[in-house]
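# Survey of secondary and tertiary structure
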Amino acid sequence: MTIRLYDSREQALVDFVPLVPGKVGLYVCGPTVQSSPHIGHLRSALVYDLWRRWFTYRGLDVTLVRNVTDIDDKILALSSGTDEEWWARAYRYELEFTAGYQALGVLAPTYEPRATASVTEMQQLVTTLIEKGHAYVAPDDSGDVYFDTANWPTYGALTNQGLDDMAPAADADPRGKRDPRDFALWKGAKADEPASAAWSSPWGDGRPGWHIECSAMSRRYLGSAFDIHGGGLDLRFPHHENELAQSTAAGDDFASYWLHNGLVAVEGQKMSKSLGNSIFASEFLAAARPVVVRWFLSSAHYRSTIDYHDGALLEAEAALDRIETFLSRAGRRLTGTRFAGVGARVVPDDFAEAMDDDLNVPQALAVLHDAVRTGNSALDDGDLDAAAREWQHVQAMVAVLGVDPLAPEWRGADEGDAHRALGTIVETLLAQRQQARAARDFALADRVREMLASAGITIEDTPSGSHWSLEQ
């Protein structure tokens with residue numbers, strides 16, 4: 001078994017070899033909690049949830065760190081002039097992100113550090129960079145500290161850029177910079193910012209720059225060398241480039257591999273606030289069952305752009321309905337037979353090969369759909385051996401992907417109550433139909449079937465009795 005992944009730094013598919021056999025250290029850039037999450041945030045979290053689940057299925061012990069950036073320029077600016085403190089705003093939106101992740105079935109990270117809880121580690125890293133000659137204190141008494149990009153010869157290695165190709169760093173006032181591309185490691189306190197947003201430091205009161213936060217937190221929770229750094233494609237430059245530069249300049253090996261997930265488009269256009277086409281996570285989760293949203297957001301290859309269009313969630317719903325119908329049908333048919341609960345639920349080889357190949361979920365889903373078709377045909381033919389094999393395969397595949405439509409976490413309280421109420425009515429009618437058939441009153445039995453069919457309910461007569469399901 002060899003897992004291959006696309007390393008963004010190498011720009012090639014490579015074999016994944018963990019630093020410590022049997023273990024994976026994975027750092028993912030989490031949200032900056034300045035406003036409500038959109039579906040791009042959900043997609044990114046889901047991508048690394050799928051990587052984590054697959055590594056775990058392959059027997060690896062995963063430590064996943066996903067940070068929360070709870071202080072930055074925009075958080076301070078958006079809270080300014082309001083009755084809400086900056087830290088309260090950050091926490092409020094952090095809860096929104098957590099709720100969205102939980103609704104999608106994204107597993108909680110091993111560690112989820114807030115930037116404000118690691119300021120000491122950030123200052124230590126900045127001090128090391130100054131001592132090594134790779135950072136400098138601005139000469140204008142602002143208290144700013146910058147990374148000296150011209151002083152680090154491999155700056156640009158992640159995105160294969162030279163200094164002349166780079167735009168100026170826009171993360172701080174350029175007055176104290178030696179070079180406009182130098183980026184802020186520490187930002188001196190400003191008169192118009194709240195005192196609660198500043199920490200004492202050797203360079204004066206202030207707060208950390210954005211990029212130094214992730215370098216310090218990844219080192220704190222995973223060590224100076226770890227396996228994988230992940231995040232959205234939009235973070236490659238400048239954020240990840242700057243992380244790599246400052247961490248390696250400080251003497252850390254940092255990440256062995258870099259993963260970047262694609263973004264989300266809406267009707268063929270890049271999703272952005274400026275275009276007014278951003279879709280908030282809460283809106284999206286209200287538009288369909290959460291498991292359907294998870295299916296849609298994970299259905300494209302993680303490195304590609306996923307395009308949301310009108311009808312996309314209906315297509316995802318239909319795909320999941322076919323799987324749910326098969327699982328329910330097979331479960332009923334195999335109950336009470338020697339096949340019920342027999343055999344380990346392992347994914348088929350072609351599914352595993354797809355997932356090992358840079359997490360090729362679209363190909364894996366094709367295998368899943370083929371298994372559903374084969375299983376339904378086996379049930380139609382009465383081939384219980386084949387039906388049981390595909391049933392177990394399908395159960396294993398949807399469990400690995402986190403999209404088992406029959407799993408209890410996907411059935412809300414209201415849906416469960418409605419399903420139970422409907423079940424009581426249908427079971428009563430089925431009992432009446434069975435009594436009519438026993439009395440050879442076939443006209444009444446047919447009327448019951450027709451009445452249920454008109455309500456979208458399918459009846460399946462089997463040796464173990466009659467079973468019903470909603471038409472898909």
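Residues numbered from 1 in each chain as written. Predicted model: local features only at pLDDT ≥ 70, side-chain atom pairs only at ≥ 80, totals over all residues. Heavy atoms only, no water.

## Thoughts on unusual backbone geometry
Note that the residue after F237, namely P238, is joined by a cis bond; omega there is 10°. Looking at where P238 falls in the secondary structure, it is placed in helix α6 (residues 236-249). The backbone of D141 sits at a positive phi, close to 65°, despite the residue not being glycine. On the secondary structure map, D141 appears in the loop between β5 (135-137) and β6 (145-147). (Helix = DSSP H or I, 4+ residues; strand = E, 2+ residues; numbered from the N terminus.)

## Structural notes on the pairing of strand β10 (residues 254-261)
By the criterion of burial, β10 is predominantly enclosed, with seven of the eight residues buried. Relative to β10, strand β9 (residues 225-232) runs parallel, the two sharing seven bridges. If you follow H229 over to β10, its bridge partner there is W258. Remark: the β9/α6/β10 crossover connection has right-handed handedness. (Buried < 20%, exposed > 50% of the residue type's maximum accessible area, 1.4 Å probe, protein only. Pairing = 2+ DSSP bridges. Right-handed = clockwise from strand over helix to strand, strands pointing away.)

## Describing the packing of helix α9 (residues 312-334) against helix α11 (residues 361-381)
Interhelical geometry of α9 versus α11 gives an angle of 40° and a closest axis separation of 10 Å. What the angle tells us is that α9 and α11 run oblique. Crossing handedness for the pair α9 and α11: left-handed. Each of A319, R322, I323, F326, R329, A330 and R333 in α9 lies in contact with α11, whose residues at this interface are L368, H369, V372, G375, N376, L379 and D380. Considering only residue class, the contact of α9 with α11 consists of seven nonpolar, three polar and four charged. (Axes fitted to C-alpha atoms, helices over the stretch in contact; angles between N-to-C directions. Parallel < 35°, antiparallel > 145°, perpendicular 65-115°, else oblique. Left-handed = near helix turned anticlockwise from the far one by under 90°. Contact = heavy atoms within 4.5 Å. Nonpolar A, V, L, I, M, F, W, Y, C, P; charged D, E, K, R; others polar.)

## Examining helix α4 (residues 119-131)
Between its first and last C-alpha, α4 extends 18 Å over 13 residues, near the 18 Å set by a 1.5 Å rise per residue. Residues of α4 that are buried: V119, M122, Q123, L125, V126 and L129. Viewed end-on, α4 has its buried residues packed into an arc of 160°, placing them on one side of the element. G133 sits one or two residues past α4 and shows a positive phi near 85°. (Expected span 1.5 Å × (residues − 1). Arc of directions from axis to C-beta.)

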